[in-house]
Amino acid sequence: MEDELLKIFDEDKNFLGVATREEIHKLGHWHETFHCWFIGSDHGENYIYLQLRSDAKKDYPSLLDITAAGHILSNETVEDGIREVEEELGIKVPFHQLNSLGVIGYTIISDKLIDREFAHTFVYRNFPSLDEFNPQLEEVAGIVRTEFRAFADLWRGREDEIKVEGVKFDDQGNSSSYIRTVGKESFVPHPSAYFEAIIKGIDELLERE
């Protein structure tokens, strides 16, 4: 996976060439990713769905993250990024059913990597049943949901903790109920500005419906 080839860019999104994923995260090159957030409704309430990352993940194990996401390889288009949904979650989603939130640029710097992403970000509104998931266990330990309003309040500083609930999978793929109260520290540390952009984009999408 570290040998995957990705396109690299400058901060103005001018194409510079191709590099390995390992080199990109070591040197902090800008590169492209695909993000897909799932939104569903239940009894008039809108929910946002989150991936619980596997304990075995090299980066950010056991934290909550985007429903499905991954890198766009050097020989791929943005539309090809939809493969991440099937690879990670085990369900097929038609690209034409996604709602685009545009490209969100952001940086995460940790002691392990420098991650500068141009994230092509989408929302999938036609959320399937939790029973339909067949996750890639090396990547995904569970799928949970929380009220979208609560999610927004957390990232806008109005709440310190929110409730998430869903399913967690064991090593054999068997599922069990998962309910937790979580704060920001339970999420992959995307910048607050990224979450604010996501919330704003989903708000506007829901208002148009």
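What you see is a predicted model; the values in this text were computed from it and never measured.

*Asks:* Where do I start with the environment of leucine 101 in this structure?
*Replies:* Of note, leucine 101 is situated in strand β7 (residues 98-109). Under the relative-accessibility criterion, leucine 101 is labelled partly exposed at 22%. Taking C-alpha positions, leucine 101 is 5.5 Å from phenylalanine 122, a pair spaced 21 residues apart along the chain. In this view, leucine 101 contacts Thr121, Phe122, Val123, Ile198, Gly201 and Ile202; residues no more than four positions away in its chain are not counted.

*Asks:* Quick question: what am I supposed to make of the pairing of strand β10 (residues 162-169) here?
*Replies:* One face of the sheet, then the other: side chains in a regular strand alternate in exactly this way. Pairing of strand β9 (residues 140-147) with β10, which is carried by four bridges, proceeds in the antiparallel orientation. The residue of β10 that forms the bridge with glycine 142 is lysine 168. Of the strand pairs in this sheet, β10 and strand β11 (residues 175-182) are connected by eight bridges, and their pairing is antiparallel. Bridge pairing links phenylalanine 169 to serine 175 in β11. In this antiparallel pair of consecutive strands, β10 and β11, the connection spans five residues, and glycine 173 shows a positive phi of 90°.

*Asks:* Honestly, the layout of surface pockets in this entry has me stumped. Any pointers?
*Replies:* A probe as big as a water molecule, rolled over the atoms, marks out the empty space that is left. Volume-wise, the largest pocket comes out at about 650 Å³. Around the largest pocket, the lining comprises 33 residues; the ones closest to its centre are Arg21, Arg53, Lys57, Ala69 and His71. Elements that contribute at least two residues to the lining of the largest pocket include exactly α1 (21-27), β3 (30-42), β4 (45-53), β6 (68-71), α2 (83-89), β7 and β8 (114-124). Among the elements that make up the lining of the largest pocket, the one with the highest residue count is α2 (four residues). Classifying every residue of the lining of the largest pocket gives nine nonpolar, eight polar and 16 charged.

*Asks:* Explanation requested: unusual backbone geometry in the structure shown.
*Replies:* Phi is mostly negative for residues that are not glycine, and the peptide bonds are mostly trans. One non-glycine residue with positive phi stands out, namely histidine 43, at about 50°. Here histidine 43 lies in the loop between β3 and β4. What makes histidine 43 exposed here is its relative accessible area of 82%. The backbone phi angle of serine 62 is positive, close to 65°, even though this residue is not glycine. Tracing the backbone shows serine 62 in the loop between β4 and β5 (64-65). The class for serine 62 is partly exposed, based on a relative accessible area of 36%.

*Asks:* Mind showing me how you'd approach helix α4 (residues 192-208) here?
*Replies:* Since the α-helix advances by 3.6 residues per turn, residues separated by three or four positions end up pointing in the same direction. The terminal C-alpha atoms of α4, which comprises 17 residues, lie 25 Å apart, in line with the 24 Å expected from a rise of 1.5 Å per residue. Listed as buried for α4 are Tyr194, Phe195, Ile198, Ile199, Gly201, Ile202, Asp203, Leu205 and Leu206. In this fold, the buried residues of α4 make contact with β3, β4, β7, β8 and α3 (148-155).

*Asks:* Quick question: what am I supposed to make of the pattern of salt bridges here?
*Replies:* Between side chains of opposite charge, a pair can form as their charged atoms come close. Here the structure, examined in full by the defined rule, presents twelve salt bridges. With a closest N to O distance of 3.5 Å, aspartate 203 and arginine 156 form a salt bridge. Taken together, the residues span a long stretch of sequence, with aspartate 203 in helix α4 and arginine 156 in the loop between α3 and β10 at a distance of 47 residues. Residue classification places arginine 156 among the partly exposed positions, given a relative accessible area of 36%.

Thresholds applied
Residues numbered from 1 in each chain as written. Predicted model: local features only at pLDDT ≥ 70, side-chain atom pairs only at ≥ 80, totals over all residues. Heavy atoms only, no water. Helix = DSSP H or I, 4+ residues; strand = E, 2+ residues; numbered from the N terminus. Buried < 20%, exposed > 50% of the residue type's maximum accessible area, 1.4 Å probe, protein only. Contact = heavy atoms within 4.5 Å. Pairing = 2+ DSSP bridges. 1 Å grid on protein atoms, 1.4 Å probe; cavity = no way out; pocket = protein on both sides within 12 Å on 5 of 7 lines; lining within 4 Å. Points joined across faces, edges and corners; volume = space filled by probe spheres on them. Nonpolar A, V, L, I, M, F, W, Y, C, P; charged D, E, K, R; others polar. Expected span 1.5 Å × (residues − 1). Salt bridge = Lys/Arg side-chain N within 4 Å of Asp/Glu carboxyl O.

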